[in-house]
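Results of the structural survey
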Amino acid sequence: MPKLGESIIEATITKWLKNPGDRIEEDDPIVEIATDKVDSEIPSPVEGKLLKVLFNEGDVIPVGKVIAIIETEPGEEGETEAAEEVTEEKEEKSVSDSKPAAKAETKEPAKEEEEEEAVESSSDRFYSPLVKNIAKTEGIAQSELDKVPGTGKDGRVTKEDLMSYLKNRTSAPAKTEEAPKESVERVVSTPAVSKPAPQVTAGAGDEIVEMDRMRKLIADHMVMSTQVSPHVTSFIEVDVTNIVRWRDKVKDDFQKREKEKITFTPIFIEAAAQALKDFPGVNASVDGYKVILRKNINIGMAAALPNGNLIVPVIKNADQKNLLGLAKDVNALANKARSNKLEPDDISGGTFTITNLGTFGSITGSPIINQPQVAILGIGAIKKKPAVLETPEGDVIAIRHLMILSLSYDHRTVDGALGGMYLQRMQQLLESFDTNRAI
């Protein structure tokens, strides 16, 4: 399973395109996979014969795991399979560090599969070997493990989820003298995710629609983001009259010359990138108590897919591109999104996200942060409004094109001052836009 992007650690096999025994040319599509961001075909890295597939359709596989064996030269089948089995055994042993070494080495694959099936239980949850080992060591029964909130893919319980649960486990033995203090700490630190969701029943005439795979992943990602980051949203009003007039002036010539449209989006991306250079604390991620200030400025732009789902293609190194380059990238990625042709690299590596709330007339909103980023910029609809202008002859009321920018940010690392200064810088850049600018 190849590396598919910076934040992607696993993928689901949706369809095998080749069968064991098939001849394969280098770069032939061999399998279709799906991640929480995009669906993609994986090409064969070599030419040869497909000997064996190691996983079924629907299996969730970590990045770097061997998923198939290809014979590159006749007569090497036995050696190849033996080498891959050793590789798999080593990988399984690395995640089973809490088991005795002798048992890990002598355990038969069939028994291991039986244990994994047995632990999936009535909740239909999958538990990794590491999570199962920790649960066994800590004496967590299967019924209790099923109730542990999970932040992983499809609600799976990660090591961090289980360790956090153990830290706040009310049934864990505590020292007699420290019991009151620990009890108070547990109540304060218990995450909101531990609260059960309200029971929902369908009434007569209600239609029940099952979420598709991507909508489920989006839902899980949004819930996770609100649990991980304390969200704060700040707003600022911006006069974009100069930008509107400039676009009206150049859009026809631009379309004739470039055979595509010039929209407002590349202008906002250009300003956002410049503001991120001025305030790098907004172009960051949080890792525990460490803040990672990103070197590259890779701006994602939220886009709606034809089926109504959301995806975020990324413009890499946006601060190093001029307005023409940004316009080309925006149009190319938007077209690929509409035609479902985005590749894993197109949606990976984002450090900051912009979402256009005004597409359907919304004046403003408070978007949810796209983890592991620390901020997301919302662009509201541009509206004509009366505004007070200061002139040498005094204040006058004029019709101006106004809009509201909103910035949702992670209050663990971005405070109101930093968030406000970033928005203020955006306002300065947009309101001082040069109407004589060439593109």
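Everything below is about the structure printed above this text.
Below or above, wherever it landed, is the structure these notes cover. Keep in mind that what you see is a predicted model, and the values were worked out from it rather than measured. (Residues numbered from 1 in each chain as written. Predicted model: local features only at pLDDT ≥ 70, side-chain atom pairs only at ≥ 80, totals over all residues. Heavy atoms only, no water.)

1. Let's talk about the packing of aromatic side chains
- Counted according to the given criterion, the structure contains three aromatic pairs.
- Seen from their ring centres, Phe 264 and Phe 268 are 6.5 Å apart, and the 35° between their planes marks the pair as tilted.
- For the pair Phe 352 and Tyr 422, a centre-to-centre distance of 5.7 Å together with 55° between the ring planes defines the contact as tilted. Residue Phe 352 is found in strand β15 (residues 352-356), and its partner Tyr 422 is found in helix α12 (residues 416-431); the two are separated by 70 residues along the sequence. Comparing Phe 352 with Tyr 422, the two get one shared label, buried. (Phe/Tyr/Trp six-rings, centres within 6.5 Å; stacked < 30°, edge-to-face > 60°. Helix = DSSP H or I, 4+ residues; strand = E, 2+ residues; numbered from the N terminus. Buried < 20%, exposed > 50% of the residue type's maximum accessible area, 1.4 Å probe, protein only.)

2. Observations concerning α12
- Its 16 residues give α12 an end-to-end C-alpha distance of 22 Å, which sits within 8% of 22 Å, the value for a rise of 1.5 Å per residue.
- Here α12 has its buried residues at Leu 418, Gly 419, Tyr 422, Leu 423, Met 426, Gln 427 and Leu 430.
- Its buried side turned inward, α12 meets β8 (231-239), α9 (241-258), α10 (265-278), β15, β16 (375-379) and β18 (394-410). (Expected span 1.5 Å × (residues − 1). Contact = heavy atoms within 4.5 Å.)

3. Quick notes on the sheet that holds strand β7 (residues 68-71)
- Across the sheet, three strands lie side by side as β2-β5-β7; this open sheet has antiparallel pairing. Edge positions in the open sheet fall to β2 (23-24) and β7, since each of these has one partner strand only.
- Taken together, the two bridges between β2 and strand β5 (residues 48-53) define a ladder with antiparallel strand orientation. Looking at β5, one finds that Arg 23 is bridged to Lys 49. (Pairing = 2+ DSSP bridges.)

4. With respect to helix α11 (residues 323-338)
- A rise of 1.5 Å per residue sets the reference length of α11, with its 16 residues, at 22 Å; its end C-alpha atoms lie 22 Å apart and thus fit the reference within 8%.
- Looking only at α11, the buried set comprises Leu 323, Leu 326, Ala 327, Val 330, Asn 331, Leu 333, Ala 334 and Ala 337.
- On its buried face, α11 sits against α9, α10, β11 (299-301), β12 (303-304), β13 (310-311) and β14 (314-315).
- At the exit of α11 stands Asn 340, carrying a positive phi of roughly 55°.

5. A look at the environment of Trp 246
- In this structure, Trp 246 sits in helix α9.
- In sequence terms Trp 246 and Arg 437 are 191 residues apart; their C-alpha atoms lie 8.0 Å from each other.
- Sequence-distant contacts of Trp 246, defined by excluding residues within four places in its chain, comprise Ile 267, Leu 323, Phe 433, Asp 434, Thr 435, Arg 437 and Ile 439.
- A distance of 2.8 Å separates a polar side-chain atom of Trp 246 from the backbone oxygen of Arg 437. (Polar contact = N/O pair within 3.5 Å; in protein donor to acceptor, adjacent residues only side chain to side chain.)

Nothing here speaks to function; it is all geometry.
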